[in-house]
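The residues making up each chain are set out below.
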Amino acid sequence: MRIGLIATSRSGSTFFRRFLCNTFGLYDPASWLKKNSYKDIEEQNWATQPHLLKILPHYIPEDQNIGELIEGFPCIWLYRKDVLSQFLSHITRLRTKVNHIHYESERPEIEDNSLVATKEEFDRFMIKLEQFWDIYYSHNKGALVEFENFLDDPLSTLADLQEQYDLKANNRVQTQLTIKLGIDYEKKFKNIEEIKGWFE
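Each chain has its residues counted from 1, following the order in which its sequence is written. At least 70 in pLDDT is required for a residue's local features to be given in this predicted model, at least 80 for side-chain atom pairs to be given and counted, and no such filter applies to totals for whole chains, interfaces and linings, which use all residues. Heavy atoms from the whole structure form the basis of all side-chain values; hydrogens and water molecules are not counted.

(A) View of the sheet that holds strand S2 (residues 51–55). The pairing criterion for strands is at least two bridges between them, as found by DSSP. Here a helix means four or more residues in a row that DSSP labels H or I, a strand means two or more in a row labelled E, and each is numbered from the N terminus. Taken in spatial order, the four strands make up an open sheet running S2-S1-S3-S4, and their pairing is parallel. Both outer strands of the open sheet, S2 and strand S4 (143–146), are each paired with one neighbouring strand and no more. Taking each pair of neighbouring strands and ignoring which way they run, the sheet shows an average axis angle of 25°. Direction of pairing for strand S1 (residues 2–6) relative to strand S3 (residues 75–79): parallel, over a ladder of three bridges. Its bridge partner being in S3, Gly 4 is matched across the sheet by Cys 75. Simply put, an axis is a line fit to the C-alpha atoms, just over the touching stretch for a helix, and the angle between two N-to-C directions goes from 0 to 180 degrees.

The following block contains the structure:
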């Protein structure tokens, strides 16, 4: 069984993916599609196991139709309501090269007012968000999960997904969960007011 997890950069997909895999005993191929072609997936040993395949729009080459790719398996769609924080997190990751942390000691030290985002970066980010929603509305299949709702009430989200995708609880821990970066992004960006204006 393959379930696709379709999301965008910094939407909480790594934490969400690992949480689901640990809860339902699904194999976690991490971000396999980021460096591999989908046509090679059946050659992977884990492809015969129940697994959750993370799919970010920018993982798929432009000459491939992501809608056609996901036709053969069910998908979960994950988005983040707080798009401003998502964008700031995205830029912070680009600047610090820190994707995720598992311990407090790994948290990057960032001086206040030391980061600057560009309008070009914002435009590219928004194109990927629009692509996500275009694919979702044209495909129109599968659960749509708001990451903030999941964090507030994970048990309800898991119960809904368990029923919709016929999943069975299997609490063997496969991957270590990430912890929250805990960065006050608005204090870190020198041009935060300009950035907020881009969202208006």
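(B) Structural view of the packing of helix H4 (residues 83–96) against helix H5 (residues 119–139). The interhelical angle for the contact between H4 and H5, taken along N-to-C directions, is 120°, at an axis separation of 11 Å. With respect to H5, the axis of H4 lies oblique. The element H4 and its partner H5 pack so that their crossing is right-handed. Every residue of H5 that contacts H4 at Val 83, Gln 86, Phe 87, His 90, Ile 91, Leu 94 and Arg 95 is listed here: Glu 121, Phe 122, Phe 125 and Leu 129. Any residue outside Ala, Val, Leu, Ile, Met, Phe, Trp, Tyr, Cys, Pro, Asp, Glu, Lys and Arg is labelled polar, Gly included; the first ten of those are nonpolar and the last four are charged. In terms of residue class, the contact of H4 with H5 is built from seven nonpolar, two polar and two charged. Every angle not falling under 35 degrees, over 145, or within 65 to 115 is termed oblique; those three ranges are roughly parallel, roughly antiparallel and roughly perpendicular. Crossing handedness: left-handed means the near helix sits turned counterclockwise from the far one by under a right angle, and right-handed means the same turn made clockwise. The criterion used for residue contact is that any of the two residues' heavy atoms lie within 4.5 Å.

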